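A structural walkthrough
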Amino acid sequence: MATLRDEIFPIRSSDDIVKVRQVTREWALMQTFSLVDQTKIVTAASELARNTLEYGRGGEVRIQAVQEGPRRGVRLTFTDQGPGIPDLAKALQDGFTTGSGMGLGLSGSKRLVNDFDIQSEVGKGTTVMIARWK
Amino acid sequence: MERIPILKMGNFLLVTVQVDMHDRLAMTLQDDLTGRIVKDHAHGVLIDISSLEIVDSFIGRMIGNIASMARVLDAETVVVGMRPAVAITLVELGLSLPGVRTALNVDKGVELLKGCIEQRATANGHVAG
Ligand SMILES: Nc1ncnc2c1ncn2[C@@H]1O[C@H](COP(=O)(O)OP(=O)(O)O)[C@@H](O)[C@H]1O
Ligand SMILES: [Mg+2]
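All figures in this text were calculated on a predicted structure; none of them were measured in a lab.

Basis of the calculations
- Residues numbered from 1 in each chain as written.
- Chains lettered and ligands numbered in written order.
- Predicted model: local features only at pLDDT ≥ 70, side-chain atom pairs only at ≥ 80, totals over all residues.
- Heavy atoms only, no water.
- 1 Å grid on protein atoms, 1.4 Å probe; cavity = no way out; pocket = protein on both sides within 12 Å on 5 of 7 lines; lining within 4 Å.
- Points joined across faces, edges and corners; volume = space filled by probe spheres on them.
- Helix = DSSP H or I, 4+ residues; strand = E, 2+ residues; numbered from the N terminus.
- Nonpolar A, V, L, I, M, F, W, Y, C, P; charged D, E, K, R; others polar.
- Buried < 20%, exposed > 50% of the residue type's maximum accessible area, 1.4 Å probe, protein only.
- Contact = heavy atoms within 4.5 Å.
- Near = heavy atom within 4 Å.
- Polar contact = N/O pair within 3.5 Å; in protein donor to acceptor, adjacent residues only side chain to side chain.
- Areas by Shrake-Rupley, 256 points an atom, 1.4 Å probe, with all protein chains shown as cover.
- Sits in = over half its atoms within 2 Å of the grid points.
- Pairing = 2+ DSSP bridges.
- Axes fitted to C-alpha atoms, helices over the stretch in contact; angles between N-to-C directions.

1. Re the layout of surface pockets
One number sums up the size of the largest pocket: a volume of about 670 Å³. Lining of the largest pocket is provided by 34 residues; of these, Asn51, Tyr55, Thr97, Thr98 and Leu106 of chain A occupy positions nearest its centre. Put simply, the parts of the chain that give the lining of the largest pocket at least two residues each are helix 2 (35–54), strand 3 (71–80), helix 3 (88–91), helix 4 (105–112) and strand 5 (125–133) of chain A together with helix 2 (57–72) of chain B. With 6 residues, the single largest contributor to the lining of the largest pocket is helix 2 of chain A. For the lining of the largest pocket, a count of residues per class yields 14 nonpolar, 13 polar and 7 charged.

Now the structure itself:
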C-alpha cells in the first residue's frame, strides 16, 4: 500500500473539529470520492474528532491518502491520552453514552466506513482508525 | 459573539444554518431560538439546512432538541433543504429525528407548517387563520 500524503492535525478545540472536517473533505476530493462517499467519511471524522476532544481530553488525528492497486482511500487515525474506554463492546452499541450525546459516534462511524479499528486502555488512552475506499 | 440570525416570517421563525457550524454556535442557536419562540409568539420554526454539507449526531441532537422545546412552547418545527447525500449518511449513522418534519425547500416548509397549524386549530375547535 502506498501513502500519497500524510499529515497530523491537533484536536484541542471545537474549531479544530471544523478543521478536521474541512481537511477530510479536501483529501476525499483529492482521492476523487463521490459526494456520498465524501459525506460519509467527513461525518465519521466529525464524530471521532468530537470524541477525541470531549472524552479523550484532546489529542490529534493523522490523515493519510492511501492507494492499494487501483483502490484509493482516506485513512484517519485519532489518538488521545485520555481516560480510555473500560468496556469497548458497550461503547460500540448504538445509543450508549456516558455523556449527553446520542451514543451514535462510534457505532455510526463504524457503519460509515470500510475499515474500523479501535484500541483503548484505561488510564492510557484511545486510538481509533478508520478508512474509506473509493 | 458570532450568532446565527433568526428571521421572523409572519407567525414563523426562519433559521438559515450556515456552512460548517461549530459546536458552541449550535448550542447558542438552541438557546436563542427558544427565547425567540416565546418573545415572538411563533407557531412554527423553519430550519434551513441546505448549506450544511454534513449533519453529525451533534447537529442532529441540536435539531431534535429544538423541535422538542418548540413543541413544549406550542410551535411546530420543519427542517428544510437537507441534501440527499446528507440524508443517506444520516440513515447509515443511525440517526432518526422523531417528531421532526422535513420539506424540500422553504416554500414547501411554510405550506407544511400552515397545514399543521390549521389542523391543530381545527382539532382545538378554533377557526384557523
Ligand atoms: N476517545 C475516547 N476516550 C474515552 N472514552 C470514549 C472515547 N470515545 C468514546 N468514548 C466512550 O464511548 C461512548 C460512546 O461514544 P459515542 O458512540 O461517540 O457516543 P457519544 O459521543 O454520544 O457519547 C462515550 O460516551 C464515551 O464513554
Ligand atoms: Mg461521540
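On we go from here.
2. What about helix 4 of chain A?
For helix 4 of chain A, the tally of buried residues reaches 6 of 8 residues, placing the bulk of the element in the interior. Buried within helix 4 of chain A we find Gly105, Leu106, Ser107, Gly108, Ser109 and Leu112 of chain A. Packing partners of the buried residues in helix 4 of chain A comprise helix 2, helix 3, strand 4 (115–121) and strand 5 of chain A together with helix 3 (84–93) of chain B.

3. Re the site of ligand 1
All names here are of chain A. For ligand 1, the set of nearby residues contains 18 residues, the closest of which are Asn51, Tyr55, Thr97, Thr98 and Gly103. Side-chain polar atom of Asp80 to a nitrogen atom of ligand 1: 2.9 Å apart, as the coordinates give it. A distance of 3.1 Å separates an oxygen atom of ligand 1 from a polar backbone atom of Gly105. A total of 540 Å² of accessible area belongs to ligand 1 in isolation, and the protein chains cover 93% of it. Taken atom by atom, the bulk of ligand 1 overlaps the largest pocket. When grouped by side-chain class, the residues that make up the shell around ligand 1 number 7 nonpolar, 10 polar and 1 charged.

4. A short note on the sheet that holds strand 4 (residues 76–80) of chain B
Residues and elements named next belong to chain B. One open sheet holds the 5 strands; their spatial order is 1-2-3-4-5, and the pairing between them is mixed. Since the sheet does not close on itself, it has two edges, and those belong to strand 1 (6–9) and strand 5 (101–103), each with one partner. This sheet shows a mean twist of 25 degrees between the axes of neighbouring strands, independent of strand direction. With 5 bridges joining them, strand 2 (residues 12–16) and strand 3 (residues 44–48) adopt parallel strand pairing. Following the sheet pairing, Val15 is matched in strand 3 by Ile47. Contacts between helix 1 (residues 23–39) and the sheet are confined to strand 1, strand 2 and strand 3, with strand 1 contributing the most and set at about 25 degrees to the helix.

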